[in-house]
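# Close look at the chain arrangement
Below are the chains, spelled out letter by letter.
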Amino acid sequence: MRSDRRSLLVAGLSFSGLWASGVSARSDARSAERGMETLTLWPQGVPGMPDPPPQERVTERSTDSSYRDRAIAGIVEPRMAVFRPDRPTGAAVLLIPGGGYRHVVVDKEGFEMGRWLSRRGITAFVLFYRLPGDGWAAGPDVALSDAQRATRIIRAEADRFMIDPQRVSAMGFSAGGHLCADLATRFAIHTYDAHDAADTLSARPDGAACIYPVISMDPEIAHAGSRRLLIGEHASSQRERAHSPDHNVTSDTPPIFLLHSEDDGSVPVENSLRMRAALRAQGMPVETHLFASGGHGFGLRKAVGKPVEDWPALWLAWAERRKLV
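Parameters at a glance
Within every chain, residues take consecutive numbers counted from 1 along the sequence as written. Local features in a predicted model are, by the rule used here, given only for residues with pLDDT of at least 70; side-chain atom pairs are given and counted only at 80 or more, and totals for whole chains, interfaces and linings are based on all residues. As a rule here, side-chain values cover all heavy atoms of the structure and leave hydrogens and water aside. Predictor confidence is given residue by residue as pLDDT, running from a minimum of 0 to a maximum of 100. By definition, residues are in contact when any of their heavy atoms lie within 4.5 Å. Basic side-chain nitrogens of Lys or Arg form a salt bridge, by our definition, when they fall within 4 Å of a carboxyl oxygen of Asp or Glu. The rule is simple: take the accessible area with a 1.4 Å probe, protein chains only, and divide by the maximum for that residue type; under 20% is buried, over 50% is exposed, in between is partly exposed. Centres within 6.5 Å are what make two rings of Phe, Tyr or Trp a pair, Trp counting through its six-membered ring; a difference in plane orientation under 30 degrees is then read as stacked, over 60 as edge-to-face, and the rest as tilted. Numbering goes from the N terminus for both helices and strands, where a helix is a DSSP run of H or I of at least four residues and a strand is a run of E of at least two. Distance and angle both matter: a charge sits over a ring if NZ of Lys or CZ of Arg is within 6 Å of the ring centre and within 35 degrees of the ring normal. UniProt positions are given in the numbering used here, feature names are shortened, and annotations may be inferred rather than shown by experiment. At least two DSSP bridges between two strands are required for those strands to pair. Note on terminology: a nonpolar core comprises buried Ala, Val, Leu, Ile, Met, Phe, Trp, Tyr and Cys residues joined through side-chain atoms within 4.5 Å. Axis geometry follows a simple rule: fit a line to the C-alpha atoms, using only the stretch in contact for helices, then measure angles between N-to-C directions, giving values from 0 to 180 degrees. For classification purposes, an angle smaller than 35 degrees is called roughly parallel, one larger than 145 roughly antiparallel, one from 65 to 115 roughly perpendicular, and anything else oblique. Throughout, a crossing is termed right-handed when the near helix is turned clockwise from the far one, and left-handed when it is turned anticlockwise from it by less than a right angle. Residues are grouped as follows: Ala, Val, Leu, Ile, Met, Phe, Trp, Tyr, Cys and Pro are nonpolar; Asp, Glu, Lys and Arg are charged; all remaining types, including Gly, are polar.

By the naming in an unreviewed UniProt entry, the protein is Alpha/beta hydrolase, taken from Qipengyuania flava.

And the structure:
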C-alpha cells in the first residue's frame, strides 16, 4: 500500500515537473503563473504602497531540470493562482506557501499542493502575499491583510467556483504556517479599509492546517529570519506576543491541524507544541502529528520515502472528519 501511494505521488510530481521544465526561467513579475487563472486581491489599488514600490523578482532554486522550485520576492500585486478540479466537491483551500517572510516559495508549497488538492475535487487557491520587510504601511500585518482579503474573495466568488462558503479552509507551510495560524486567530482584526462587498464577508477559515509552522516570536524558539522581517530584531515582548498566534487563541479560533518533524533544524518543533498547548488550554479542537524525522520544508516532493510522506493522507482524513472536504 505504501509503495503504491509513493508511486502515484512521484508520478504526479514528475508530470508537473516535466510540464514546467519546458518553460525557461523568466524574471518578469507574472512568469510563475503563465497560463494559469489568477485572481487579483486589490483590483482598486493595493493599500499602503511603499515609495518606491517593491520590484517583484523570481529566483529559480532548482538544479534539477525535471521540476521547478521558484521563490518570488518583492510581491507588489497580491493575488491567487487558482487550481480548479474537474469535479468540484464544494471544498476550497487557501494555500499559503512559506519562505521565511523573505520570499514566497510557490512551487513546492503552492502549485504542487494545488494540483494534489484539485485531483481530489478540492478547489485550491495559492496565495502570493506581500512581505513585511518591503515597507508596506500595514507593517507586520500586511501579509495578514492579504490572507483576510483572499478568504473573503473566495467566499464572494463561491458560486463562480462551485464552492460551499462554509467549507473554506487554509493550509500554510513554515512562515506561511505562521500566516495561516495568524489568520485563524486574528481573522477579525481590522487590518485594512473595506474596498467592496467582499469585505462584508467573514475572513475566518473553517479549518486551518499549519505544516512545520513558525508560530512563536519568542527568540528562544522563533525562526530568526521570520522574526526579524516580521517584527524587527529588537521587538518588545508586547510586540512579540501580538504576533505569536499561540497568544491569540480565542473561542472563535477554528479547528487546527498541526504537523511537524522533531528533527526540524529550521523551525523548532516547540512552535507547534506551543500552539497545541494554547488551543488545548482554551478547549479548542486540535489534531497534532509529530514525526521523529523529516526535517523542514519537505512539502510533497521531499516527503517521499520518509515516514512523513503520509502527511497529506493524515490531513485529508482530518478534513473529512471535520466535514471540510
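Still to come is the rest of the account.
Here the protein averages 91 in pLDDT, and 90% of its residues register 70 or above. Residue range residues 1-27 is modelled with pLDDT below 50. Its contacts to residues more than four positions away, or to other chains, number 34 contacts.

Applying the stated criterion across every chain, the model contains 18 salt bridges. Among the salt bridges present, the one from R68 reaches E60, with a minimum N-O distance of 3.0 Å. Classification of E60 by relative accessible area gives partly exposed; the value is 28%. The partner of D164 in a salt bridge is R167, and the shortest N-O contact between them spans 3.5 Å. Overall, the relative accessible area of 30% leaves D164 in the partly exposed class. By relative accessible area, which is 16% here, R167 ends up buried. Salt bridges sharing partners connect three or more residues here, namely E37, R84, E157 and R160.

Further remarks concern the packing of aromatic side chains. Within a pair of aromatic rings, the relevant descriptors are the distance that separates the centres and the angle that separates the planes. Here the structure, examined in full by the defined rule, presents 10 aromatic pairs. For the ring pair F83 and F111, a centre distance of 5.7 Å and an interplane angle of 50° mean the geometry is tilted. Note that F83 is positioned in strand β4 (residues 79-83) and F111 in helix α2 (residues 107-118), a separation of 28 residues in sequence. Judged by relative accessible area, F83 falls into the buried class, the value being 10%. Among the aromatic residues, ring-to-ring pairing joins F173, Y212, F298 and W311 into one connected group. The ring centre of W42 lies 5.3 Å from the NZ or CZ of R149, which sits over that ring. The ring of Y67 has R301 sitting right over it, with the charged end atom 4.1 Å from the ring centre.

Here we come to the UniProt feature "domain: BD-FAE-like" (unreviewed entry) in the protein. Per the UniProt annotation, the sites labelled "domain: BD-FAE-like" (unreviewed entry) are residues 92-279. Annotated as 36% helix and 15% strand, the span residues 92-279 places its first and last C-alpha atoms 24 Å apart.

Here the focus is the sheet that holds strand β2 (residues 57-60). Pairing in this open sheet of 3 strands is antiparallel, and the strands run β2-β3-β6 from one edge to the other. The open sheet has two edge strands, β2 and β6 (104-105), and neither has a second partner. When β2 meets strand β3 (residues 70-73), the two strands line up antiparallel, connected through 4 bridges. Considered in β3, the bridge of T59 is made with A71.

Turning our attention to the nonpolar core. Note that soluble globular proteins tend to have their nonpolar side chains buried in a common cluster. Ranked by internal contacts, the top residues of the largest apolar core, which has 90 residues, are W311 and W315. For this core, the element with the most residues is helix α3 (residues 142-156), which contributes 7 residues. Residue contacts for W311: discarding those within four places in its chain leaves M113, M171, F173, I211, L259, F298, G299, L300 and A303.

Now for the packing of α2 against helix α9 (residues 311-321). Put simply, α2 and α9 touch, their axes get as near as 13 Å, and they point 50° apart. With respect to α9, the element α2 is oriented oblique. Note on packing geometry: the crossing formed by α2 with α9 is right-handed. Residue-level inspection shows M113, W116 and L117 of α2 in contact with α9, the latter providing W311, P312, W315 and L316. For the contact of α2 with α9, the class distribution of residues is 7 nonpolar, no polar and no charged.

This part takes up the pairing of strand β5 (residues 92-96). Within β5, 5 of the 5 residues are buried, which leaves it mostly tucked inside the rest of the structure. Side-chain alternation along β5 places A92, L94 and I96 on one buried face and V93 and L95 on a second face that is also buried. Examined bridge by bridge, β5 and strand β7 (residues 123-128) share 4 bridges and lie parallel to one another. Along β7, the bridge assignment pairs L95 with V126.

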